[in-house]
Amino acid sequence: MTSTTILTILLVFSFIVGRFLRRFETPNFVFSGMIYLLFGLLVGSHWGLGFLSSELLSKLEPLISLLTGIAGCLLGLRVKKLFQNRKILFTGMLSAILVFTVVATGFFILAFYFLPVSAGAEQKLWRLFIWEFNTDFDLGILWYAFGVAATACSASLMNLGSASRFKKESTEITKVLSLLTPSVQMVAIILLGVCLASARATMSASQLQITVAEWLMASIFSGILCGLLFSLFIGHQSNQDRVLLAGLGAVIFACGVGSILGISSLFVSFTTGATISLVSSYHQILKDNLIKIEEPVFVLLLIMGGASWKPELELIWILPAAYFGIRFVMFSFFPQIIYRSLTKRTLSRLGQGLLGQDLMAVAIAMSFAQQFPKLEQMFMTTILGAIFLNDFLANTLLKKVILDNELSTQIRPIEAKEGSQ
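Residues numbered from 1 in each chain as written. Predicted model: local features only at pLDDT ≥ 70, side-chain atom pairs only at ≥ 80, totals over all residues. Heavy atoms only, no water.

Visitor: How should I be thinking about the packing of helix α10 (residues 212–234) against helix α11 (residues 240–261) in this particular structure?
Guide: Packed helix pairs are characterised by how far apart their axes lie and by the angle those axes make with each other. One can describe the packing of α10 onto α11 by two numbers: an axis separation of 9 Å at closest approach and a directional angle of 160°. What the angle tells us is that α10 and α11 run roughly antiparallel. α11 is crossed by α10, and the crossing has right-handed handedness. Counted together, W215, A218, S219, S222, C226, L229, F230, F233 and I234 of α10 and R242, V243, A246, G247, A250, F253, A254, V257 and L261 of α11 form the full contact between these two elements. Residues that form the contact of α10 with α11 fall into these classes: 14 nonpolar, three polar and one charged. (Axes fitted to C-alpha atoms, helices over the stretch in contact; angles between N-to-C directions. Helix = DSSP H or I, 4+ residues; strand = E, 2+ residues; numbered from the N terminus. Parallel < 35°, antiparallel > 145°, perpendicular 65-115°, else oblique. Left-handed = near helix turned anticlockwise from the far one by under 90°. Contact = heavy atoms within 4.5 Å. Nonpolar A, V, L, I, M, F, W, Y, C, P; charged D, E, K, R; others polar.)

What follows is the structure, given as structure tokens:
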């Protein structure tokens, strides 16, 4: 079967499944990321039928960059709405920063036992009892810990419908969750951009003499420029086809810039989408059009993520278990405390509604893997393995959080009238 045929089948399959998903007002298992990751493993070359071989996946890297770019742009287009709900935005941002700090610290320590001493080492050195710094200290430990921590900040409501179609905003809990999700995702992408900018500046220091701040600012200004180019392309036309064409052109350009800079198309496209959201009057039209392909992007990216994953039955599975455990504890306690402090309102177990991870987590994982190929499988096992663990728990907890909080708001104490016995 030729590469073109395989790609065509994948595209048709993802759009058919995407159309099927949009027929559900309250979808359940069909939105589980685990299903499409398993399908990716089935068609991959490691444990599967080999339709998506490593060679084909390397040829499809521009498509992967485009898919992650579309996901980033869609999130950026929601920024304006987030700034209109600042207390919820600050709740998400502070929660994400706390999760990042704890996960980064934990995985910086764990990585010493699972990363080889040298990035070029042919064998893994499992240093289970020795923890020491030496001349062979590999900065990959730092980038791995930061990348995992940035991914841990992200959350998803895909298992109850994507945030863009989350229509149950009649109650406080559903409104807060639908806004908290893009808030923590935004922080996750920004932290990913900082991580990749730091790595890029460090690796190119001997040739370009560019600092981390300069590299990061170059990426941000590139995204802003792409967003302004959208306004230039669109002119004064409000035709939906023209808006979509200009938007896709801006995203494609942003993806190319992100790949060249080595910062990831996800970060640059997010900046592009945020710029369009803040400066263009056509951002809502563009968002409504891009949302139509959100589910196909969700399906296709997860399939490719599963196909590029090469899981092994080794001690390394401690990492996704640790990732899941730390994330569960942090999200179970801190978001509701921060939300209560900022709003003086109480929502029970608020953070447990943010445990789900799928599309954005996979997009961040694949963006990271593209920049650090030697760390790819270790990173993919940590993130994708944790998604499998999440799928057994996150959906149930999300439903309980929504139901419990909706019931608590419907119950009102009976106040005795003055003078009554």
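The rest of the description comes next.
Visitor: Sorry if this is basic, but what is going on with the pattern of salt bridges here?
Guide: Side chains that differ in charge, positive against negative, can pair when their charged atoms come close. According to the stated counting rule, one finds three salt bridges in the structure shown. Where R345 meets E172, a salt bridge forms, and the shortest distance between an N and an O atom there is 2.9 Å. Pair noted here: R345 is in the loop between α15 (318–343) and α16 (359–371) and E172 is in helix α8 (residues 172–203), with a separation of 173 residues, a long-range link. Look at E172 and you get partly exposed, because its relative accessible area is 21%. (Salt bridge = Lys/Arg side-chain N within 4 Å of Asp/Glu carboxyl O. Buried < 20%, exposed > 50% of the residue type's maximum accessible area, 1.4 Å probe, protein only.)

Visitor: Teacher, can you tell me more about unusual backbone geometry here?
Guide: Apart from glycine, the bulk of residues carry a negative phi angle, and the bulk of peptide bonds sit in the trans form. With a phi close to 60°, K344 is a non-glycine residue in the positive phi region. With respect to the helices and strands, K344 occurs in the loop between α15 and α16. Take K344: its relative accessible area is 70%, and that puts it in the exposed class. A positive phi angle, near 50°, is found at R349, a position not held by glycine. Look at R349 and you get partly exposed, because its relative accessible area is 25%.

Visitor: Explain the packing of aromatic side chains here, please?
Guide: By convention here, two paired aromatic rings are described through the distance between centres and the angle between planes. Under the definition given, this model contains ten aromatic pairs. Here the aromatic rings of W309 and W317 are separated by 6.0 Å at their centres, their planes lie at 50°, and the arrangement is tilted. Of the residues examined, W309 reaches a relative accessible area of 2% and is grouped as buried. Ring pairs connect the aromatic residues F107, Y144, Y323, F368, F372 and F379, which therefore count as one cluster. (Phe/Tyr/Trp six-rings, centres within 6.5 Å; stacked < 30°, edge-to-face > 60°.)

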